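One-letter residues, chain by chain:
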Amino acid sequence: MFGRPKTIQDGLARTRGSFFGRIRQLLVGADVGVDITTELVDDLRRQAEAGKLRTPQQVEAALRERLVAMLKQGAPSVIDEPRLLTVILVVGVNGSGKTTSIGKMAHYYKQRGRKVILAAADTFRAAAIDQLKIWGERVGVDVIAHQPGADPGAVTYDAIRACQARGADMLIIDTAGRLHTKYNLMQELAKVRGVAAKQVHRAPHETLLVIDATTGQNGLAQARHFKDTVGVTGIVLAKLDGTAKGGIVFPIVQELGVGVRFVGTGEKLEDWAEFDPEIFVSGLFEQNGSET
Ligand code: GDP
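This structure is a prediction, so every number in the text was calculated from the model and none was measured.

Each value, and the rule that gives it
- Residues numbered from 1 in each chain as written.
- Predicted model: local features only at pLDDT ≥ 70, side-chain atom pairs only at ≥ 80, totals over all residues.
- Heavy atoms only, no water.
- Phe/Tyr/Trp six-rings, centres within 6.5 Å; stacked < 30°, edge-to-face > 60°.
- Buried < 20%, exposed > 50% of the residue type's maximum accessible area, 1.4 Å probe, protein only.
- Helix = DSSP H or I, 4+ residues; strand = E, 2+ residues; numbered from the N terminus.
- Lys NZ or Arg CZ within 6 Å of the ring centre and 35° of its normal.
- Near = heavy atom within 4 Å.
- Polar contact = N/O pair within 3.5 Å; in protein donor to acceptor, adjacent residues only side chain to side chain.
- Areas by Shrake-Rupley, 256 points an atom, 1.4 Å probe, with all protein chains shown as cover.
- Nonpolar A, V, L, I, M, F, W, Y, C, P; charged D, E, K, R; others polar.

By the definition in use, this model includes seven aromatic pairs. For the pair Tyr108 and Tyr109, a centre-to-centre distance of 5.0 Å together with 90° between the ring planes defines the contact as edge-to-face. Judged by its relative accessible area of 9%, Tyr108 falls in the buried class. Aromatic pair Tyr108 and Phe262: ring centres 5.4 Å apart, planes at 75°, arrangement edge-to-face. Residue Tyr108 is found in helix 4 (residues 98-111), and its partner Phe262 is found in strand 7 (residues 260-264); the two are separated by 154 residues along the sequence. Put simply, the rings of Tyr108, Tyr109, Phe262 and Trp272 pair up and form one aromatic cluster. Note that Arg64 overlies the ring of Phe285, its terminal NZ or CZ placed 4.3 Å from the centroid. Sitting over the face of the ring of Trp135, Arg138 holds its NZ or CZ atom 4.3 Å from the ring centroid.

So, in structure tokens, the structure goes:
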């Protein structure tokens, strides 16, 4: 993909400048961000100059390895650990793909034998409640919802009670995502968290931040915001089908110190997969590297 010179003389020595320039272009073009790109390229260049990397193939392999390692940081998901009731809080800005991701995740876990209930704790938008109900019907799982404007903490409380009464072992909570009223949102998310923590030991077990893969560097600002307001234990990268630029996850993962759990790859129920760092990095090279 970077062009394959036949010999070493033909390779790094003569094309070093533009070769590393192309790597830089690939990473920045994929939205990896300038800071991480500069760090990676400088490091690869040093290794090449020290003679540790001798061919473009070796540089590419080293780059892939570094990228994969970056995505493997953070604790693994605890969702599959055995417990009576697993509570998953899902946060993200409006439009990021939160509700859709919740529907797909419910389907995914239902297919794996879990009994799932959804909680419509984004009570601010009537449309959000309706959307979640539609996904619930589509997947075939119960949705606990109150009227628009109701207390999200009360919805969470009722949903946990419903899980206990109906023998559900997974609760996925949809939350509000209006960033412009930051203070209220912070209070609201803290309250939902608090109710979950009081009712279920160590809940929420996972707090997933949904990031729209097409938002670019703005995704990093969102990640910082949610990290500060509610705490985040994992990332969902939605709308990965719409972009070759999913590289925004690198700065996000680095900033939050948590891993990517799932990717959304379309609007259908099945367009959902566990995140695989190797596959993701290969995709990044294939989609961004063809012209380099
Ligand atoms: P929310 O406001 O965060 O709950 O966002 P929604 O779940 O309503 O999604 C916003 C829009 O993005 C909708 O039109 C969804 O169909 C679309 N969407 C969500 N996830 C994906 C995805 O993985 N791929 C694509 N192509 N579209 C998605």
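Let's pick the thread back up.
In this section: unusual backbone geometry. Residue Ala203 is joined to Pro204 through a cis peptide bond whose omega torsion reads -5°. Tracing the backbone through its elements, the reader meets Pro204 in the loop between helix 7 (182-199) and strand 5 (206-212). At Asp31, a residue that is not glycine, the phi angle is positive and equals roughly 75°. Here Asp31 lies in the loop between helix 1 (9-29) and helix 2 (34-49). The exposure class of Asp31 is buried, given its relative accessible area of 12%.

Turning to the site of the ligand, a few remarks are in order. Close to the ligand lie 16 residues; Gly95, Thr99, Thr100, Asp241 and Glu267 are nearest. Between an oxygen atom of the ligand and a side-chain N or O atom of Thr99, the distance comes to 2.5 Å. Isolated, the ligand exposes 580 Å² of accessible area, and the fraction of that covered by the protein chains is 78%. Among the residues making up the shell around the ligand, the classes are represented as one nonpolar, nine polar and six charged.

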